[in-house]
Amino acid sequence: MTILKSLSAAALVAIASKHTACAFVPQQKGSQLTTRLLNQLDPVQIKKAGGGIPTVSSGGLLVFDPDAQGKLQGTHDLQSRILGGAAFKLAPPQISLDVPPLDATVEDAQHFLEHLDADGNLPLNFAKPQAPAKATVLGRAKLITDDAPGDIEHVVLKLPEGFHYVEGQSLSVIPPGVDPKNGRKNKPRLYSIASTRYGDLLDGNTISLCVRRAEFIEPDGTKDPAKQGVCSNFLCDVKAGDEVDVAGPVGKTMLLPEDPNKDIIMIATGTGIAPFRGFLHRLFMENTLAKHMFGGNAWLVLGVPVSGGLLYKEEFDCMQRTSSPGKLKIDYAISREMTNSIDGGKLYVQNVIAQNGKELFDRLDAGAHVYFCGLKGMMPPILDTLDEVAKSQGCVWSEKLSELKKNNQWHVECRTVQNNMNGVDGR
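Residues numbered from 1 in each chain as written. Predicted model: local features only at pLDDT ≥ 70, side-chain atom pairs only at ≥ 80, totals over all residues. Heavy atoms only, no water.

(A) Seen up close, the nonpolar core. Counting residues in hydrophobic clusters, the biggest one holds 33 residues, and the most contacted among them are Ile273, Phe276, Leu280 and Phe316. Among the secondary structure elements, those contributing two or more residues to this core are strand E10 (264-269), helix H6 (274-284), strand E11 (298-304), helix H8 (313-322), strand E12 (328-334) and strand E13 (369-375). Sort the elements by how many residues they give to this core and H6 lands first, with six residues. In contact with Phe316, not counting residues within four places along its chain, are Ile273, Arg277, Leu280, Leu300, Leu311, Leu328, Ile330 and Tyr332. Ile267, Val352, Phe372 and Trp410 belong to the second-largest nonpolar core, a separate cluster that totals 26 residues. (Core = buried A, V, L, I, M, F, W, Y, C linked by side-chain atoms within 4.5 Å. Buried < 20%, exposed > 50% of the residue type's maximum accessible area, 1.4 Å probe, protein only. Helix = DSSP H or I, 4+ residues; strand = E, 2+ residues; numbered from the N terminus. Contact = heavy atoms within 4.5 Å.)

(B) Spotlight on the sheet that holds strand E14 (residues 410-415). The five strands are arranged E12-E11-E10-E13-E14 in an open sheet whose pairing can be described as parallel. A single partner strand is all that each edge strand has here, and the edge strands are E12 and E14. Neighbour to neighbour, the strand axes of the sheet diverge by 10° on average, direction disregarded. Here H6 sits on the sheet and contacts E10, E11, E12 and E13; the angle it forms with E10, its principal contact strand, is near 145°. Sitting on the sheet, helix H11 (residues 379-392) is in contact with E10, E13 and E14, with an inclination near 150° to E14. (Pairing = 2+ DSSP bridges. Axes fitted to C-alpha atoms, helices over the stretch in contact; angles between N-to-C directions.)

(C) Layout of the side chain of Glu413. Its place among the elements puts Glu413 in strand E14. The exposure class of Glu413 is buried, given its relative accessible area of 9%. Among the polar contacts made by the side chain of Glu413, one reaches the side chain of Ser192 at a distance of 2.8 Å. (Polar contact = N/O pair within 3.5 Å; in protein donor to acceptor, adjacent residues only side chain to side chain.)

(D) Representation of the pattern of salt bridges. Taken as a whole and judged by the stated rule, the model has 21 salt bridges. Linking Glu114 and Arg282 is a salt bridge whose minimum nitrogen-to-oxygen distance equals 2.7 Å. Note that Glu114 is positioned in the loop between helix H4 (78-84) and strand E4 (133-142) and Arg282 in helix H6, a separation of 168 residues in sequence. For the pair Glu114 and Arg282, one class covers both residues: buried. Among the salt bridges present, the one from Arg363 reaches Asp263, with a minimum N-O distance of 3.6 Å. Taken together, the residues span a long stretch of sequence, with Arg363 in helix H10 (residues 357-365) and Asp263 in the loop between strand E9 (243-250) and E10 at a distance of 100 residues. (Salt bridge = Lys/Arg side-chain N within 4 Å of Asp/Glu carboxyl O.)

(E) Molecular detail of H6. H6 sits mainly inside the fold: 11 of its 11 residues count as buried. Buried within H6 are the following residues: Ala274, Pro275, Phe276, Arg277, Gly278, Phe279, Leu280, His281, Arg282, Leu283 and Phe284.

(F) Region of the structure containing the packing of H10 against H11. Running from N to C, H10 and H11 point in directions that differ by 85°, and their axes come no closer than 10 Å. The angle between H10 and H11 places the two elements in the roughly perpendicular class. The segment H10 lies against H11, with Gly357, Leu360 and Phe361 engaging Leu386, Val389 and Ala390. For the contact of H10 with H11, the residue count by class is five nonpolar, one polar and no charged. (Parallel < 35°, antiparallel > 145°, perpendicular 65-115°, else oblique. Nonpolar A, V, L, I, M, F, W, Y, C, P; charged D, E, K, R; others polar.)

(G) Seen up close, the sheet that holds strand E7 (residues 189-192). The strand order across the open sheet formed by six strands is E7-E6-E9-E4-E5-E8, and the pairing between neighbours is antiparallel. Pairing within the sheet leaves two strands with one partner each, and these edge strands are E7 and strand E8 (206-212). When strand polarity is set aside, the average angle formed by the axes of neighbouring strands in this sheet is 40°. One ladder, built from seven bridges, connects strand E5 (residues 152-158) with E8; its direction is antiparallel. Bridging across to E8, His154 finds its partner in Cys210.

Printed below as a string of structure tokens:
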């Protein structure tokens, strides 16, 4: 039982009035008021009532927070000093230098384009389709093996001075010639950008595209040139030195999270990998502040028909080898070669989602951002799968989806074939 003798009569009355269970029993002795504390009271209430004696037992170290006040210029907390006694040793001092030591290895970080989205602004519409800019082809390379269906090319363009973009944006390409149906100039086709703001050459003046050649194959196996994709075939045939009319950049939907500690989940089919290549190069390859500040984990799910169609696999393998364990998770859904564990059928990206449903929802509940990119036809089976996963997790998918959209955690960039998503154009 603790005796408090220095509280004023007014303070005691004020406290007693808030504790009707006879917390204090005043006893008058001449002009001196003595009080017995029957129940431990909140120190904050005592202070508000005008008292100043903390109600803590001696030796408890509770009159201050050791973590906040007892570290003594970073030399460790008070409790460790007491327990260590004479054996306690000070931690090495932390030294901050304006100039690095002579034997230190210093690397220049990529930083000259970090201002592009630093203030919440984005580079938009440097050029418009009605007045396009001229880009120059630096090179082109086939990305898939001969046994993989179709043709997918990686195209690198040099942009005009001042034409900049950020990861997740898109570029319009205006193919040469006119539409034979109406005699007008060909319409622009939109492509997701497959490089970071610094480009594959890290010079800040290049841009890369991942383009699938759109071809129409007759039932007998022959190709009909009249029905082939105008823009995709143009880009898949360009040579170094060729000029290409471009417009943009555009897009605010597929940007990386503002919070660098958030997980990112990327789900792509085919050339929908384009924006995610830019994401992963920025977070795992380039020597930028974004890479050093990324505190979340990345998870990529990529669907292709055969192994020879895996896009940028060597790059992603390198990222996994050089990153911290568990920092980058990659799942491939190779539909013609893999089977799912649910019904034994072909493995598609929606099956990967179903097989990892709890992990996906746990990450989303923790604030992860999820991105989808590919042809529009990929979304219905994915949404059906997410609905089933939600039921298994005891929640309603429509409500969960509304919550994700409200929190800006849901990002989709899928277009129909006619709108030319990542090189599959409408003709």
